[in-house]
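Residue-level structure breakdown
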Amino acid sequence: MIVKFFISFIFIFSVFIDASSISTSLLKSELKKNYSFLERSLSESDMRIDTSSGKIFFTNEEISIHVLSPFKENYIINGDAIEIHDIFLDQTQVINIDELDNFFLNLLIDGIDEDADTYSINIINDSLIQIIDNTRSNVVTFSFFENRLNLIRYKDSLGVEHGIELTPL
């Protein structure tokens, strides 16, 4: 009887451990979900925190980001271009993605590749995955809570730190 109990206990415990661990496949699937977001950015040069909020939608063809505050803007990422639409000013601008050279944006567009030559993926613990480019100048940290992506942190090329809190839609 005790042997059956321990075997059952070990089985249940191993299922629990497996269910609570994160992986690159979980990250990939979480990066394809639609979210509302709250983004905070800290500029070290003027020690100011800016906040924006909105929604992000993923489809097979494009990524749509709708910033709702403080200013209404829409970003449509499709192929090799980003279309930026300022709702208030009713102006549209198209930028070639290659001109931006943004590591975080490239990860969102190209997806996560375990065999990538340009970066490495480190699973820190059961709630953190870091992706570090080969020059070690770009790090993106993905934080999970209960196997759901809930925070993305990175520093852009201007030295501004970004924290994006995600809530599934």
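Up top is the structure.
Presented here is an overview of the structure given in this document. Per-chain numbering applies: the sequence of each chain, read as written, is numbered from 1 onward. Whole-chain, interface and lining totals are the exception, using all residues; otherwise, since this is a predicted model, local features are given only for residues with pLDDT of at least 70 and side-chain atom pairs are given and counted only at 80 or more. Water and hydrogen atoms were dropped before computing side-chain values, which therefore reflect all heavy atoms in the structure.

1. Remarks on the packing of aromatic side chains
For this analysis, a ring pair means two rings from Phe, Tyr or Trp (six-membered ring only for Trp) whose centres lie within 6.5 Å, classed as stacked if their planes differ by under 30 degrees, edge-to-face if by over 60, and tilted for the remaining angles. For the structure on display, the rule yields two aromatic pairs. With centroids separated by 6.0 Å and ring planes inclined at 75°, the aromatic side chains of F103 and Y119 adopt a geometry described as edge-to-face. Of the two residues, F103 sits in helix α4 (residues 103–110) while Y119 sits in strand β7 (residues 119–125), which places them 16 residues apart along the sequence. Classification of F103 as buried rests on a relative accessible area of 14%. On the accessibility criterion, Y119 (10% relative accessible area) is buried. Relative to Y154, the ring of F104 lies with its centre 4.3 Å away and its plane at 20°, an arrangement referred to as stacked. Of this pair, F104 sits in helix α4 while Y154 sits in strand β10 (residues 148–155), and the two are 50 residues apart along the sequence. Accessibility here uses a 1.4 Å probe with only protein chains present; expressed as a share of the type maximum, an area under 20% marks a residue as buried, one over 50% as exposed, and anything in between as partly exposed. Taking relative accessible area as the criterion, Y154 reaches 15% and is therefore assigned buried. Only DSSP runs of H or I with at least four residues qualify as helices, and only runs of E with at least two residues qualify as strands; both kinds are numbered from the N terminus onward.

2. A word on the layout of surface pockets
Computed over the protein atoms alone on a 1 Å grid, cavities are sets of points where a 1.4 Å probe fits but cannot get out and pockets are open sets with protein on both sides within 12 Å along at least five of seven lines; a residue lines them when it has an atom within 4 Å of a point. Grid points are joined across faces, edges and corners, and a volume is the space filled by probe spheres set on the points. The calculated volume of the largest pocket comes to roughly 1,100 Å³. Around the largest pocket sit 35 residues that line it, and E39, I65, Y75, Y154 and H162 are the ones nearest its centre. At the level of secondary structure, the elements contributing two or more residues to the lining of the largest pocket comprise β1 (35–43), β2 (48–58), β3 (62–69), β4 (73–78), β5 (81–86), α4, β10 and β11 (160–168). Ranked by residues supplied to the lining of the largest pocket, first place goes to β2 with five residues. Nonpolar residues are Ala, Val, Leu, Ile, Met, Phe, Trp, Tyr, Cys and Pro. Charged residues are Asp, Glu, Lys and Arg, and all others, Gly as well, are polar. Here the lining of the largest pocket is built from residues that sort into 25 nonpolar, six polar and four charged. Counted as a void, the second largest pocket has a volume near 220 Å³.

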